[in-house]
Amino acid sequence: MAQLLKTPTTKKNKQKQMTMKTKALTIGLSLIGIVAIAQKKEIRNAGKAVESGNYKEAKTLLNSVEGAVSNEKEKVQAEYYLTKGNAFLAAKDQAAVKTEDLVIAGKSFERAIELGEKEDGEKGLMDVRNALINSAIADQKQEKFSESAEKLYEAYALNKKDTIYLFHAASSATTGKDYDKALTYYEQLRDVNFTGIGTIYTAVNKETGEVENFDSKSKRDIYLKAGSHIKPSTIKEDSKRPDIVKNIALIYLQKDQKDKAMMAIQQARKESPEDTGLMLTEADIYYNLGKMDKYSALVEKVIEKDPNNATLYYNLGVTTAKMGDQEKAISYYKKAINIDPEMVNANINIASAILNKEQAIIEEMNGLGMSNADNKRYDKLQKERNELYREAVPYLEKVIQKEPKESPEYKQSVQILTQIYGMLGETEKADALKN
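Residues numbered from 1 in each chain as written. Predicted model: local features only at pLDDT ≥ 70, side-chain atom pairs only at ≥ 80, totals over all residues. Heavy atoms only, no water.

S.K.: How should the nonpolar core be read in this particular structure?
M.R.: In globular proteins that are soluble, nonpolar side chains generally tend to be buried together. Core analysis: the biggest nonpolar cluster contains 103 residues, and Val128, Tyr186 and Leu189 have the highest contact counts within it. Looking at this core, the element that brings in the most residues is helix H3 (residues 74-89), giving 8 residues. Grouped together as the second largest cluster of nonpolar side chains are 5 residues, Tyr201, Ala203, Phe214 and Tyr223 included. (Core = buried A, V, L, I, M, F, W, Y, C linked by side-chain atoms within 4.5 Å. Buried < 20%, exposed > 50% of the residue type's maximum accessible area, 1.4 Å probe, protein only. Helix = DSSP H or I, 4+ residues; strand = E, 2+ residues; numbered from the N terminus.)

S.K.: Is there a simple way to think about helix H5 (residues 118-141) in this case?
M.R.: It helps to recall that an α-helix has 3.6 residues per turn; residues three or four apart then point in one direction. Along its 24 residues, H5 runs 34 Å from first to last C-alpha, staying within 8% of the 34 Å computed at 1.5 Å per residue. Remark: Glu143 follows H5 within two positions and exhibits a positive phi of approximately 60 degrees. (Expected span 1.5 Å × (residues − 1).)

S.K.: I keep staring at the packing of H5 against helix H6 (residues 145-158) and nothing clicks. Help me out?
M.R.: Helix-helix packing is described using two parameters, namely the angle between the two axes and the distance between the axes. Where H5 meets H6, the closest approach of the two axes is 8 Å, and the angle between their N-to-C directions is 165 degrees. By the angle class used here, H5 and H6 are roughly antiparallel. As for how H5 packs across H6, the hand of that crossing is left-handed. Where H5 approaches H6, its residues Leu125, Val128, Arg129, Leu132, Ile133, Ser135, Ala136, Asp139 and Gln140 are matched on the opposing element by Phe145, Glu147, Ser148, Lys151, Leu152, Glu154, Ala155 and Leu158. Of the residues assigned to the contact of H5 with H6, the class counts are 9 nonpolar, 3 polar and 5 charged. (Axes fitted to C-alpha atoms, helices over the stretch in contact; angles between N-to-C directions. Parallel < 35°, antiparallel > 145°, perpendicular 65-115°, else oblique. Left-handed = near helix turned anticlockwise from the far one by under 90°. Contact = heavy atoms within 4.5 Å. Nonpolar A, V, L, I, M, F, W, Y, C, P; charged D, E, K, R; others polar.)

S.K.: Please explain the packing of helix H10 (residues 241-254) against helix H11 (residues 258-271) as it appears in this structure.
M.R.: Where H10 meets H11, the axes come as close as 6 Å, and the angle between the chain directions of the two elements is 160 degrees. For the element pair H10 / H11, the angle class is roughly antiparallel. With respect to the hand of their crossing, H10 and H11 are arranged in left-handed fashion. For the pair H10 and H11, contact is made by Arg241, Val245, Ile248, Ala249, Tyr252 and Leu253 and by Lys258, Lys260, Ala261, Ala264, Ile265, Ala268 and Glu271, respectively.

S.K.: What's the story with the environment of Phe194 in this structure? I'm lost.
M.R.: Structurally, Phe194 can be placed in the loop between helix H8 (179-191) and strand S1 (198-205). Placed 50 residues apart in sequence, Phe194 and Ile244 show a C-alpha to C-alpha distance of 8.9 Å. Not counting residues up to four positions away in its chain, the partners in contact with Phe194 are Thr163, Ile164, Phe167, Leu189, Lys240, Arg241 and Ile244.

S.K.: Would you take a moment to explain the sheet that holds S1 for this structure?
M.R.: Two orientations exist for strands paired in a sheet by backbone hydrogen bonds: parallel and antiparallel. Ordered by their spatial adjacency, 3 strands build an open sheet running S2-S1-S3, and the pairing between neighbours is antiparallel. Two strands in the sheet have a free side with no partner beyond their single neighbour: strand S2 (211-214) and strand S3 (229-237). The sheet shows a mean angle of 30 degrees between the axes of neighbouring strands, direction not considered. Both S1 and S3 contribute to a ladder of 7 bridges, which runs antiparallel. Note that in S3 the partner of Tyr201 across the bridge is Thr234. (Pairing = 2+ DSSP bridges.)

S.K.: Any chance you could explain the packing of aromatic side chains here in plain terms?
M.R.: By convention here, two paired aromatic rings are described through the distance between centres and the angle between planes. Applying the stated rule across the entire model yields 7 aromatic pairs. When the centroid spacing of 5.4 Å and the interplanar angle of 55 degrees are considered together, the rings of Tyr287 and Tyr295 count as tilted. Take Tyr295: its relative accessible area is 5%, and that puts it in the buried class. Members of the aromatic cluster, joined through ring pairs, are Tyr153, Tyr156 and Tyr185. Above the face of the Phe88 ring, Lys59 is positioned so that its terminal group lies 4.6 Å from the ring centre. The ring of Phe167 has Lys240 lying over it, and the distance from NZ or CZ to the ring centre is 5.6 Å. (Phe/Tyr/Trp six-rings, centres within 6.5 Å; stacked < 30°, edge-to-face > 60°. Lys NZ or Arg CZ within 6 Å of the ring centre and 35° of its normal.)

S.K.: How do you make sense of unusual backbone geometry when you look at a structure like this?
M.R.: Generally, phi is negative for residues other than glycine and the peptide bonds are trans, each holding for most cases. Positive phi outside glycine occurs at Lys231, with the angle close to 50 degrees. Structurally, the position occupied by Lys231 is in strand S3. Unusually for a residue other than glycine, Asp256 sits at a positive phi of about 60 degrees. Position of Asp256 relative to the elements: it lies in the loop between H10 and H11. Given a relative accessible area of 58%, Asp256 falls into the exposed group.

What follows is the structure, given as structure tokens:
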């Protein structure tokens, strides 16, 4: 059988083979260098496309090198992700940016920060958050509350220290009656012990005219010094924990899960038994469950701690009236007015509670016969009825003094007063109101 001929290995042949290997290696390295140069060129061209507002072209260019960019140096990778973030942010046309594109932009800026581009990356993240928030506000104006909630949640997800965005996402979802989403957000807030107490730093973006929030005063000052923002403001925020617990409980009530509703509020009360906000939240739950006695008991307990709170007295008056005790309700309304003379609704409710007594008088009057005794009783009841009218008049007059003429409260009070003046024979006052 014939054997294959082998070329004898000589020193010269070895050198030749080594030279060929070296050349092959050199050619390979040269190709890698060419590819790297091409990637950098595409990234630079993508950056130019972003600057000129051609975001579609920028995305196409970036997509063409996406698979190979991970093999590049960190500096090149960081440049790639900064450019990608700006391309998907589409800063010159944020109103048209989709939520998913803003999420991609945010993740790109986060990656750029990891790769060492902290300053530009953080600025990009701030722009993404502001774009999400401004878009969410626009959605709210159009009553697209569920879409708004999603964008606010994504703003939170970019930096989970900014839990205020999660709170606003939960509130928006609640308004949109997306209770499952709202419950998820509120429970996340509860689990991280979010209170919302703190300071919000804001400034107006000169280009958009929108108010924007900043993580800190120092970050806001950077934009103010750059001249892109004006009208700085500082807002002090009270605790939102009672509202969070309250909304968790109310959502459970909406879902007809009363046991979970009470469990949520009672657990919070155990943690902070003297928190008046949580007491009122528990009282609201009892109110929604129709347990007015427990509601009133808790509100009275809160009043002991906060005796100068007009709203508490007013609310207690409302529930007491629903329980049928009109005299006690009136006393609570009067206490509210003593603390806050401008409380129009308390005046309305006092007049209403007084006039509610009229029904029993009318029923008795209609049941009387034609005897002398019945006629005397009728006259007496008529006087009592007129006294009720006179007692209600000052409160209704306060309403029309304080309320604008276009308000429903003003119009309703004028209508009732006109009738009362007519019943009392005060025709001049009745005619003045008619005119």
